[in-house]
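Chain residues, written in single-letter form:
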Amino acid sequence: MTMDWWYWGLAATGALMVGWLMWTVAQRPRPLTWMQPLPVDPTITAEQRRPFSQEPWVVLLPSHWLRWGVRRIQWLTALSLAGVTGAITWNPAAALAFGWIGYWLPETFLRDVAWSRWGALDRAAYATIYSARFYLDQGTSVLQAWRQLIPKAQPVFRHWMEPCLLAESRKTEQGLSFEQTLKQQALAIRHAELAVTADILTEERRHGGAVPALGQLLAMWGHRIELDADRRGSLTGFIWIGRVTLGAGMALYWGLTLGDAAVRLHMHTVAGEIVMGLSAAFLAVGMTLYYRQNRKAERF
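Residues numbered from 1 in each chain as written. Predicted model: local features only at pLDDT ≥ 70, side-chain atom pairs only at ≥ 80, totals over all residues. Heavy atoms only, no water.

**Student:** Looking at this structure, I do not really get the packing of helix α5 (residues 92-137) against helix α11 (residues 211-259). What am I missing?
**Tutor:** Helix-helix packing: each pair is described by the crossing angle between the helix axes and the interaxial distance. At a minimum axis separation of 11 Å, α5 and α11 run at an interaxial angle of 155°. Considering the angle they form, α5 stands roughly antiparallel to α11. For the pair α5 and α11, the crossing hand works out as left-handed. Considering only residue class, the contact of α5 with α11 consists of 18 nonpolar, two polar and nine charged. (Axes fitted to C-alpha atoms, helices over the stretch in contact; angles between N-to-C directions. Helix = DSSP H or I, 4+ residues; strand = E, 2+ residues; numbered from the N terminus. Parallel < 35°, antiparallel > 145°, perpendicular 65-115°, else oblique. Left-handed = near helix turned anticlockwise from the far one by under 90°. Nonpolar A, V, L, I, M, F, W, Y, C, P; charged D, E, K, R; others polar.)

**Student:** Explain the side chain of His191 here, please?
**Tutor:** By secondary structure assignment, the location of His191 is in the loop between α9 (178-188) and α10 (192-206). Dropping the residues within four chain positions of it, His191 is found in contact with Trp118, Asp122, Ala186, Trp221 and Arg224. (Contact = heavy atoms within 4.5 Å.)

**Student:** Can you help me understand the packing of aromatic side chains in this one?
**Tutor:** Note on aromatic pairs: each is described by the distance of the centres and the angle between the planes. Counted according to the given criterion, the structure contains 14 aromatic pairs. Taken together, a centroid distance of 5.0 Å and an interplanar angle of 90° make the contact between Tyr103 and Trp104 edge-to-face. Of the two residues, Tyr103 and Trp104, both sit in the buried class. Measuring from centroid to centroid gives 6.3 Å for Trp146 and Phe157, while their planes differ by 55°, and the two rings are tilted. Residue Trp146 is found in helix α6 (residues 142-149), and its partner Phe157 is found in helix α7 (residues 155-169); the two are separated by 11 residues along the sequence. By way of ring pairs, the aromatic residues Trp75, Trp100, Tyr103, Trp104 and Tyr291 are connected into one cluster. Positioned over the ring face of Trp240 is Arg243, at 4.7 Å from the centre of the ring. (Phe/Tyr/Trp six-rings, centres within 6.5 Å; stacked < 30°, edge-to-face > 60°. Buried < 20%, exposed > 50% of the residue type's maximum accessible area, 1.4 Å probe, protein only. Lys NZ or Arg CZ within 6 Å of the ring centre and 35° of its normal.)

**Student:** Where do I start with the packing of α6 against α10 in this structure?
**Tutor:** The contact between α6 and α10 brings their axes to 9 Å, and the two run at 130°. The orientation of α6 relative to α10 falls into the category oblique. Seen from α6, the contacting residues are Val142, Leu143 and Trp146; seen from α10, they are Leu201, Glu204 and Arg205. Considered class by class, the residues forming the contact of α6 with α10 number four nonpolar, no polar and two charged.

Here it is, written out as structure tokens:
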């Protein structure tokens, strides 16, 4: 009778946790209301827009193979971690829980990398465009100003801007100007200020007199950077608490599993399987909560 009660309790708890985890991940965080992505430029053809149809954080990954294989990495990590956990513990619940953790762990890490790159790109772009404003005030043409500024810009922004300047030299072949390529790339990473900058530069290049609008944009841009820093700072504490808690929990779980003879002796009993399975399930819940908190700290 006692044995049946344990099994029914474990089954009910596992079913509730799996259902809650699926519902939690299905409820994708809504985008911030004060930073909606701009619509895609209708003048850009579907073929030209195709490389930028991925999510912004994927576009911002530093290498092509990561952008191509991010989902494959997730599945490979999930299957590997689930297989290793199952081979060590012989606990299906623990294997399933660590498979879940292994699936979301690479995306969480890569999102952090992409967000850090977005922030560095944002600050470098602001500084460079601030300098470009003075060049344009002195009567320098748009292309000449950028050709003088890009070699002096920070590497993350310089590499990001190189396709824009190259597009101008291949304009007759591709049909995209410097400003069109800049807007296309800005829309791909949902950077509103850079997209508006492309529109202002287009107007300046065609008719002139758009430099005051660039100054107004820079004022709003700087204010947004300050607000974003405050918002990010308020969430940083929760993110680090999640990292420390989740990391300590995993270290304790595997430290006891591999390093404690008493735990290894009893983890294949009924009570041990229940404890091991529930512990892994709680770690999976912590991973899910950390993933959601990280998503709220992004601006994608």
